[in-house]
Amino acid sequence: MELSEKKIKLNDIDIPELLGENDSHLRIIDAKYAATIVIRGDVMLIRGATGEVNTVYKIFTELVYILRRNGRLTEDDISSVIELIDIKSDSVRISNAADSEVILYGNKEAIKPKSENQKNYCKLVAKNDLVFAVGPAGTGKTYLAIAMAVAALRAGEVSRIILSRPAVEAGESLGFLPGDLKEKLDPYMRPLTDALFQMVPPEKLKSLYEKNIIEITPLAYMRGRTLNNAFIILDEAQNATGTQMKMFLTRFGFGSKAIVTGDITQIDLPNKSNCGLIEACKVLQGVKDIGFINFDTRDVVRHSLVANIIKAYDHHESREAKRV
């Protein structure tokens, strides 16, 4: 991937007006494009893939012209300029993902479904506001969910991404671990951040974190929130209790889309009968705008040995269950 950098001098520009109240204008552009935008004094630096840098440079050049002419900028101006800069985006709208197969162009390769079940997964997410994806490790449940979320963010379909997990292993000891909340949670959220690192350039990802455009939070911290215009992913949902699952599902706001992923063979709850994922999949069957998909070993996209390991454990557990 060819990288480049461009600068725009802002010495005679009302920078707060250009960026918008609380950086609202900057956030719209920052969320849509993978290029990193940095303001240093009266200079704007745009870095990233050459095509993205050129697109963002043209957008801000036009916005600077409008600001000089009118003395102010509105969000409508931002949207109009983005539409006028008719250059092919490096992401595919989630609504078209199932047809084009490519969901997102990551840092090194195009991300797309690799099995029929994964293609059906993308179609379900395109058609429904809430999708439950259940199956063993390595089937792409979480990875594809994050890819669809990033694609939706870049396409302007949502304004932020919320990634959550139950931190079951942390238990009550979480508060005694060293560091701030992010440092305490890093071990539990690592699979989510690893996926993001493959899809978003590191400098850009840091910027999205700092602006809360991408937020990673434990499930317990979702209580009391209403999440509008967000793409929400609850990962490892087999470790959410029934109460926690209901709490999560009722955070849903206007313009939002959610994916719940989990593996019911890996429940870490003290009382496995209290699994909120199993309960939700039973209770919500037939509810409009909710989709369900089940993955199996045929969908495993990791090393072929992983599928064989899963099959061996399933066979062993089946034999043990018959003995009881």
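Check the entry above for the structure.
Residues numbered from 1 in each chain as written. Predicted model: local features only at pLDDT ≥ 70, side-chain atom pairs only at ≥ 80, totals over all residues. Heavy atoms only, no water.

Moving on to the pairing of strand β2 (residues 36-40). The pairing of β2 with strand β3 (residues 43-49) spans five bridges and is classified as antiparallel. When the bridges of β3 are listed, Ile39 appears paired with Met44. (Pairing = 2+ DSSP bridges. Helix = DSSP H or I, 4+ residues; strand = E, 2+ residues; numbered from the N terminus.)

Its 12 residues place the ends of helix α6 (residues 116-127) 17 Å apart at the C-alpha level, agreeing with the 16 Å of an ideal helix rising 1.5 Å per residue. Buried within α6 are the following residues: Asn117, Gln118, Tyr121, Cys122 and Val125. Buried residues of α6, viewed axially, fall in a sector of 150°; they line one side. Structural note: α6 exposes Glu116 and Lys127 on the side pointing more than 90 degrees away from its buried face. (Expected span 1.5 Å × (residues − 1). Buried < 20%, exposed > 50% of the residue type's maximum accessible area, 1.4 Å probe, protein only. Arc of directions from axis to C-beta.)

Counting 37 residues, the largest nonpolar core has Tyr121, Ile146, Met148, Met199 and Phe231 as the members making the most contacts within it. Those elements that place two or more of their residues in this core are α6, β6 (130-134), α7 (141-154), β7 (160-165), α8 (181-199), α9 (202-210) and β9 (230-234). Element by element, the count of residues in this core is highest for α7, at 10 residues. (Core = buried A, V, L, I, M, F, W, Y, C linked by side-chain atoms within 4.5 Å.)

As a further point, take the environment of Lys127. Secondary-structure assignment places Lys127 in helix α6. Lys127 gets classed as exposed once you look at its relative accessible area, which sits at 68%. Taking the C-alpha atoms as reference, Lys127 lies 8.9 Å from Ile290; in sequence the two are 163 residues apart.

Here we take up the sheet that holds β3. Spatial strand order, β1-β3-β2: three strands in an open sheet with antiparallel pairing. The open sheet terminates on both sides in strands that have one partner only, identified here as β1 (3-9) and β2. Sheet twist, expressed as the average angle between the axes of neighbouring strands with direction ignored, equals 20°. (Axes fitted to C-alpha atoms, helices over the stretch in contact; angles between N-to-C directions.)

The next point concerns the environment of Thr241. Secondary-structure assignment places Thr241 in the loop between β9 and α10 (242-249). Residue classification places Thr241 among the buried residues on the basis of a relative accessible area of 18%. Residues Thr241 and Glu279, 38 residues apart in the sequence, show an inter-C-alpha distance of 9.1 Å. Dropping the residues within four chain positions of it, Thr241 is found in contact with Leu269, Asn274 and Gly276. (Contact = heavy atoms within 4.5 Å.)

Shape is all these values report; function is a separate question.
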